[in-house]
Each structure stands twice: as structure tokens, then as C-alpha cells.
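Examining the three-dimensional arrangement
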Amino acid sequence: GDSVTQMEGPVTLSEEAFLTINCTYTATGYPSLFWYVQYPGEGLQLLLKATKADDKGSNKGFEATYRKETTSFHLEKGSVQVSDSAVYFCALTNQAGTALIFGKGTTLSVSS
Amino acid sequence: NAGVTQTPKFRILKIGQSMTLQCTQDMNHNYMYWYRQDPGMGLKLIYYSVGAGITDKGEVPNGYNVSRSTTEDFPLRLELAAPSQTSVYFCASSRAEGSFNYGYTFGSGTRLTVV
């Protein structure tokens, strides 16, 4: 069935470092892809999304490109801040479009 | 614009007790969902609804029930609470057209402990 695999965390970086969080997926059809972020004690918030191959989603300095040939949607940011410390979830729509399937999440910790 | 509102935020239940987690959305989204989040396990879908009067099971429905009498409300009922139901519960809603889902808006969660 459809699934999402994220790199295991935690990812620990210094402020202003480059961030990559890997996400690969298995899906039938052409899913939409999402990154969600969860700050401590809060619900998940949509960070960015892409709906078709080669689309690039971007928001708040984060970017991810929908790569159909490698079935990937890696999250990147050129210079992380302490305030980016959170858990990041990759997700895709199931084939019917009725629900999202989430990865297990990757914890990012940024120190000053 | 309130988005998705969940109540209560915290609750402690004794084994065998029952309770209802409330969820309301004001975005006129047709789809609504309940997930549970356990440490290191990501989110698991409990139940979902594609419209008023229509509900369906997700990945982990046992021990839970739902109803969707209106577009806005999607309560989750726990009957005979068990320690395995200790978790953080998230409600979400989305707009979907055919097989295209626009993505979720989440509530802030309910942290439930069963003792």
C-alpha cells in the first residue's frame, strides 16, 4: 500500500546550517505531497505542498520538490534558526484522495 | 476564523470510563478526521468522514466510535477506556474534490491519559 518513509531523527544543527530532511514515498497513481510542522505542545501546521511532478513547494525559507523519478520530496532550508526546532512530517494523499498518509516524523533541534 | 477547535485539551480517565472528544470546524470542509499520535509512531488514522452522515474506519478504529450529523461537528467517543488509549488525539478537516485533497487543517489536540 501507499507509504511514506522519512529519515530518522533527531537532526541536530547549529544556527545558520543547511537543512535536509529526506522523504521518499511509495504510491500508486499521482498523489499530492505535503510537509507539516509540529511545534512543541501544538497541532500540526501545513508548511508546504506540491500537487504534481516537478512542482516546488516553498514557505518560510523551506523548499521541497516533487521528484517522481526518485519518488522523493526532500525538505530543505538554506539557513536554519533556533525557532525552526520542531517535528517535521512528510505526507501524501492516498489513492482515493480521502486521507493523508504520514511518515513517522523527524525531530529537528537547532542550537545557537 | 477559528479553524478546527478541539475540546478538552487535557483529560485523565479511569480504566472503564467513557468520554467524548469534541471537534468543530468552521471552514465548511467536507472531510473530517481523527488521528492519534503516539511517541515515535507518527499519526494513525482512527476514523474519517467524507460528509455529514458518512463515516468510515481508518487504521486503528477499535475502541472508538464516531458520528457526523452536521458538516461542522465530528465527535469521537471512547467507550470503556483502556491504558492503550493513552495518547494525543488530533482532529483535522480538509476540502476534497473527487480524488484531489487540498490538505488538512489540524486542531490543537487533546492529551488523554487513562489510569
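Now for a look at the structure at hand. (Residues numbered from 1 in each chain as written. Chains lettered and ligands numbered in written order. Predicted model: local features only at pLDDT ≥ 70, side-chain atom pairs only at ≥ 80, totals over all residues. Heavy atoms only, no water.)

**Focus: the state of the cysteines**
Residues and elements named next belong to chain B.
- Throughout the structure, instances matching the rule amount to 2 disulfides over all chains.
- In this model Cys23 forms its disulfide with Cys91; the gap between the sulfur atoms is 1.9 Å. Negative torsions about the S-S bond denote left-handed disulfides, and the value of about -75 degrees found for Cys23 with Cys91 makes this one left-handed. Separated by 68 residues along the polypeptide, Cys23 in strand 3 (residues 19–25) and Cys91 in strand 9 (residues 87–97) bring together distant segments of the chain.
- The exposure class assigned to Cys23 is buried, which follows from its relative accessible area of 1%. (Disulfide = S-S within 2.5 Å. Helix = DSSP H or I, 4+ residues; strand = E, 2+ residues; numbered from the N terminus. Buried < 20%, exposed > 50% of the residue type's maximum accessible area, 1.4 Å probe, protein only.)

**Digging into the sheet that holds strand 8 (residues 76–78) of chain B**
Residue and element names in this part refer to chain B.
- Read across the sheet, 4 strands follow the order 1-3-8-7 without closing on themselves; strand pairing throughout is antiparallel. Either end of the sheet is taken by a strand with one partner, and the two such strands are strand 1 (4–7) and strand 7 (64–66). Adjacent strand axes in the sheet meet at a mean angle of 20 degrees when their direction is disregarded.
- Sheet topology note: the strand 7/strand 8 ladder contains 3 bridges and is antiparallel. (Pairing = 2+ DSSP bridges. Axes fitted to C-alpha atoms, helices over the stretch in contact; angles between N-to-C directions.)

**Some points on the interface of chain B and chain A**
- Counting residues at the interface gives 23 residues for chain B and 20 residues for chain A.
- When the buried surface of chain B facing chain A is broken down by residue, B:Leu43, B:Tyr104 and B:Phe106 rank first, second and third, together holding 29% of it.
- Across the chain B-chain A interface, the total number found is 0 salt bridges.
- Counting residues per element, the side of chain B that touches chain A draws most heavily on strand 10 (residues 100–106) of chain B, which supplies 6 residues.
- Here the side of chain B that touches chain A is built from residues that sort into 14 nonpolar, 9 polar and no charged. (Contact = heavy atoms within 4.5 Å. Buried area = accessible area lost by both parts, 1.4 Å probe. Salt bridge = Lys/Arg side-chain N within 4 Å of Asp/Glu carboxyl O. Nonpolar A, V, L, I, M, F, W, Y, C, P; charged D, E, K, R; others polar.)

**Thoughts on the sheet that holds strand 9 (residues 75–77) of chain A**
All names here are of chain A.
- Strand order across the open sheet formed by 4 strands is 3-9-8-7, with antiparallel pairing between neighbours. Both outer strands of the open sheet, strand 3 (19–21) and strand 7 (56–59), are each paired with one neighbouring strand and no more. Adjacent strand axes in the sheet meet at a mean angle of 15 degrees when their direction is disregarded.
- Looking at chain direction, strand 7 and strand 8 (residues 62–65) are connected through 4 bridges and run antiparallel. Across the sheet, Ser58 pairs through a bridge with Glu63, a residue of strand 8.

**Focus on the side chain of B:Gln25**
Residue and element names in this part refer to chain B.
- By the secondary structure assignment, Gln25 is in strand 3.
- Within the local environment of Gln25, its side chain forms a polar contact with the backbone nitrogen of Met27, the two atoms lying 3.0 Å apart.
- Within the structure, the side chain of Gln25 is placed 3.2 Å from the backbone nitrogen of Asn28, a separation counted as a polar contact.
- Contacts of Gln25, omitting those with residues within four sequence positions, involve Gly3, Val4, Met32, Arg68, Thr71, Glu72 and Ser93. (Polar contact = N/O pair within 3.5 Å; in protein donor to acceptor, adjacent residues only side chain to side chain.)

**Describing the pattern of salt bridges**
- Scanning the model with the defined rule gives 6 salt bridges over all chains in all.
- Between A:Asp55 and A:Lys52 there is a salt bridge, and its shortest N-O distance comes to 3.3 Å.
- Measuring nitrogen to oxygen at the nearest pair gives 3.1 Å for the salt bridge that ties B:Asp38 to B:Arg36. In this structure, B:Asp38 and B:Arg36 share a single accessibility class: buried.

Don't take any of this as a statement about function, it's just geometry.
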